[in-house]
Amino acid sequence: MIEVSHLFKSFDGEQVLKDISAVFETGKCNMIIGQSGSGKTVLMKSIIGLHRVDSGKIEYDSRNLPDMRMRDIRRLRREVGMLFQGSALFDSMTVMENVMYPLEMFSSSTRLEMENRAKFCLDRVNLNEHSYHLFPSEISGGMQKRVAIARAIALNPKYLFCDEPNSGLDPKTSLIIDQLIYEITHEFNIKDLNDFVFASELYKQVKKINQ
Amino acid sequence: MNIVKDIGLYSLLMYRVFVKPDRGRMFWKQLPKELEKLGLASLPIVIIISIFIGAIMTIQTKLNTENPLLPTYSTGLVTRDTLLLEFSSTIMCLILAGKVGSNIASEIGTMRITEQIDAIEIMGINSANYLILPKITAFVLMMPFLVIFSMAIGLTGGYLVGAFSDIITTADYLLGIQYAFIPYYVFYSVVKSLVFAFLISSVAAYYGYNAYGGALDVGKASTNAVVNSSILILFFNLLVTNLMLN
Ligand SMILES: Nc1ncnc2c1ncn2[C@@H]1O[C@H](COP(=O)(O)OP(=O)(O)OP(=O)(O)O)[C@@H](O)[C@H]1O
Ligand SMILES: [Mg+2]
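Conventions adopted
- Residues numbered from 1 in each chain as written.
- Chains lettered and ligands numbered in written order.
- Predicted model: local features only at pLDDT ≥ 70, side-chain atom pairs only at ≥ 80, totals over all residues.
- Heavy atoms only, no water.
- Helix = DSSP H or I, 4+ residues; strand = E, 2+ residues; numbered from the N terminus.
- Buried < 20%, exposed > 50% of the residue type's maximum accessible area, 1.4 Å probe, protein only.
- Contact = heavy atoms within 4.5 Å.
- Areas by Shrake-Rupley, 256 points an atom, 1.4 Å probe, with all protein chains shown as cover.
- Donors = N, O, S within 2.8 Å, 3.2 Å for Na, K, Ca; no water.
- Buried area = accessible area lost by both parts, 1.4 Å probe.
- Salt bridge = Lys/Arg side-chain N within 4 Å of Asp/Glu carboxyl O.
- Nonpolar A, V, L, I, M, F, W, Y, C, P; charged D, E, K, R; others polar.
- Phe/Tyr/Trp six-rings, centres within 6.5 Å; stacked < 30°, edge-to-face > 60°.
- Lys NZ or Arg CZ within 6 Å of the ring centre and 35° of its normal.
- Core = buried A, V, L, I, M, F, W, Y, C linked by side-chain atoms within 4.5 Å.
- Near = heavy atom within 4 Å.
- Polar contact = N/O pair within 3.5 Å; in protein donor to acceptor, adjacent residues only side chain to side chain.
- Patch = residues over 30% accessible without salt bridge, like charges linked within 9 Å, V, L, I, M, F, W, Y side chains within 5 Å.

**A closer look at the overall build of chain B**
Across its full length, chain B holds nine helices and zero strands. Taken from the N to the C terminus, the helices and strands of chain B come in the order α-α-α-α-α-α-α-α-α. With the C-alpha coordinates of chain B rotated into their principal frame, the extents come out at 70 × 40 × 35 Å. Residue burial in chain B is summarised as follows: out of 246 residues, 48% are buried. Taking as baseline every contact in chain B between residues at least 6 positions apart, the subset at least 24 positions apart corresponds to 87%. Carbon and sulfur atoms form 72% of the exposed surface of chain B, whose accessible area is close to 11500 Å².

**A few points about the coordination of the magnesium ion (ligand 2)**
Residue and element names in this part refer to chain A. Protein coordination at the magnesium ion (ligand 2) comes from Thr41 (OG1) and Gln85 (OE1), with a distance range of 1.9 to 2.3 Å. Within this pair, whereas Thr41 is found in helix α1 (residues 40-47), its partner Gln85 is found in the loop between β6 (80-83) and α3 (95-106), the two being separated by 44 residues in sequence. We classify Gln85 as partly exposed; its relative accessible area is 33%.

**Thoughts on the interface of chain A and chain B**
Facing 24 residues of chain A, the contacting portion of chain B comprises 19 residues. Between chain A and chain B, the buried area comes to about 2100 Å², and carbon and sulfur atoms account for 57% of it. Counting the contacts that link chain A with chain B gives four salt bridges. Those elements giving two or more residues to the side of chain A that touches chain B turn out to be α2 (70-77), β6 and α3 of chain A. With five residues, the single largest contributor to the side of chain A that touches chain B is α3 of chain A. Taken together, the residues of the side of chain A that touches chain B sort by class into 14 nonpolar, three polar and seven charged.

**Details of the packing of aromatic side chains**
Under the defined criterion, the tally for this structure stands at 10 aromatic pairs over all chains. Aromatic side chains Phe18 of chain B and Phe198 of chain B sit 6.1 Å apart centroid to centroid with 35° between the ring planes, which places their arrangement in the tilted category. Placement of the pair is Phe18 of chain B in the loop between α1 (2-17) and α2 (24-39) and Phe198 of chain B in helix α8 (residues 183-209), with a sequence separation of 180 residues. Looking at Phe198 of chain B, the relative accessible area reads 30%, which means it is partly exposed. Residues Tyr206 of chain B and Tyr207 of chain B carry aromatic rings whose centres are separated by 5.0 Å and whose planes lie at 75° to one another, so their mutual orientation is edge-to-face. One aromatic cluster is present, formed by Phe90 and Tyr101 of chain A together with Tyr130 of chain B through successive ring pairs. Arg151 of chain A extends its terminal NZ or CZ atom over the ring of Phe90 of chain A, reaching a point 4.6 Å from the ring centre. Seen from the ring of Tyr209 of chain B, Arg112 of chain B lies directly overhead, with NZ or CZ sitting 4.7 Å from the centre.

**Observations regarding the pattern of salt bridges**
Two side chains bearing opposite charge may form a pair once their charged atoms approach each other closely. Across all of its chains, the model carries 20 salt bridges over all chains by this definition. A salt bridge links Asp118 of chain B to Lys45 of chain A; its shortest N-O distance comes to 3.0 Å. Here Asp118 of chain B is found in helix α5 (residues 116-122), whereas its partner Lys45 of chain A is found in helix α1 on a different chain. Classification of Asp118 of chain B by relative accessible area gives buried; the value is 10%. By sharing partners, the salt bridges in this structure join Lys45 of chain A together with Arg112, Glu115 and Asp118 of chain B into a single network.

**Section: the nonpolar core**
Counting 98 residues, the largest nonpolar core has Ile2, Ile47, Tyr60, Tyr101 and Phe161 of chain A together with Tyr130 and Ile132 of chain B as the members making the most contacts within it. Excluding residues that lie within four positions of it along the chain, Ile132 of chain B makes contacts with Leu13, Val17, Ile108, Ser127, Ala205 and Tyr209 of chain B. Counting 29 residues, the second largest nonpolar core, distinct from the first, contains Leu83, Met114, Ala118 and Ile153 of chain A.

**Side note on the environment of Pro157 of chain A**
Residue and element names in this part refer to chain A. By the element assignment, Pro157 lies in the loop between α5 (141-153) and β7 (159-163). Residue classification places Pro157 among the buried positions, given a relative accessible area of 5%. Between the C-alpha atoms of Pro157 and Arg78, which are 79 residues apart in sequence, the distance is 7.4 Å.

**Points about the site of ligand 1**
If you check the shell around ligand 1, you find 14 residues, and the closest are Ser36, Gly37, Lys40, Thr41 and Gln85 of chain A. Flanking ligand 1 are residues from chains A and B. Separating an oxygen atom of ligand 1 from a side-chain N or O atom of Lys40 of chain A is a distance of 2.7 Å. A distance of 2.9 Å separates an oxygen atom of ligand 1 from a polar atom in the backbone of Val42 of chain A. The protein chains hide 71% of the 640 Å² of surface that ligand 1 would expose on its own. Within the residue set of the shell around ligand 1, elements represented by two or more residues are β2 (14-24) and α1 of chain A. At three residues, the largest contribution of residues to the shell around ligand 1 is made by α1 of chain A.

**Comments concerning a nonpolar patch on the surface**
Residues and elements named next belong to chain B. Side chains of Ile47, Ile48, Phe52, Ile56 and Phe149 sit close together on the surface and give an oily, nonpolar patch of about 450 Å² of accessible area. At four residues, helix α3 (residues 43-64) tops the list of elements feeding residues into the nonpolar patch. Note that Phe52 resides in helix α3. Assessed through its relative accessible area of 52%, Phe52 is described here as exposed.

Okay, structure coming up:
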């Protein structure tokens, strides 16, 4: 469970997050909605410590992130997967290498096991062998999003953060991605924090911010 | 005020860079790539510039010392010492600051603005260490080779003037470049270049890593990297020269 209370964050005097409190429960899809520029991305990045908040608490099962040392934050992050708004795939690596990256970094399994895991994740997001050796610049936006999801789930995260998983996608693909995240959440029993601009009936909890 | 802030942030970044890599294997995987990209790929420009400067310096020196009282070996000697002391280290590094510095700053800057660095951080990896350490290590390792190579090629450039024109005879030139040779100059030059290599790669990494905004800002970061590392090279040139040649 992630509990956020009285979060404040400003950039150069411009207040972006004002007194945000929320509870994200285990095993549920939680969703944040808000206008463009309202601070959804900033809130998510604050929750995982990519932005340092001005004040407030962010408790992961009662471990308060702002009080944690860098080394502990890093350990916590290994339990986290994140899908970025712009996919953030490594453009010097192929699709396969992108998904292999977290595995090579952290898992102690053999190369074959890692490859199998990567293939499983890519398969899970409906990407076939044909795309494994392409670079991010050679695949479509929807495929990039799906590769990014595969990379985010490679290490079996406890928490999955998705920043606008289906912005800029056609309705059909975005429905597929919705479905995918929903299924993955149940399969892996992860806490899912979704950043959506529009509501979708798949999501049970809605957190409104800043308006 | 800004300069104090920059120095502070730069130090903090270096403090994060110089730690043991999370995964040694990943460091060793990155290092050869960087050696190739920053070192080997710089060879062509080093060769072209060194050969021309060596030749031009020989011609200029010869033309400006048309004095029967000066010994015939003086042209070769002046060319050699200029190459060894300043050109192959300082000037070469100023040129490489343009090539390598902008390469590093734009690569890391692009990764920053497209959230690739955030993606690395979110996996619990020290992104500064993962991205920057192999680059600094590779460039510092390659630099002595580039410098010594540049010296050799520069001297060859001068020789070609002797071989293909009647401005100077090859015999005079060869005598000149061997006359009163001080090996310490090579050592001094290599030490200087190591300092410069560190400055170029770390300053460029700093500007790239702290880029914020869009593609335009990556351009700005890489300009800043080149300008500031060039200034630092000149400043440290003075410092190291004072320490080593006085
Ligand atoms: N690193 C930063 N430095 C300064 N200001 C920032 C930074 N990141 C975000 N902001 C500001 O914070 C505000 C909220 O931005 P954010 O990216 O969170 O919006 P968003 O809700 O995700 O919008 P969108 O739906 O368009 O992605 C914006 O006004 C933006 O200018
Ligand atoms: Mg956003």
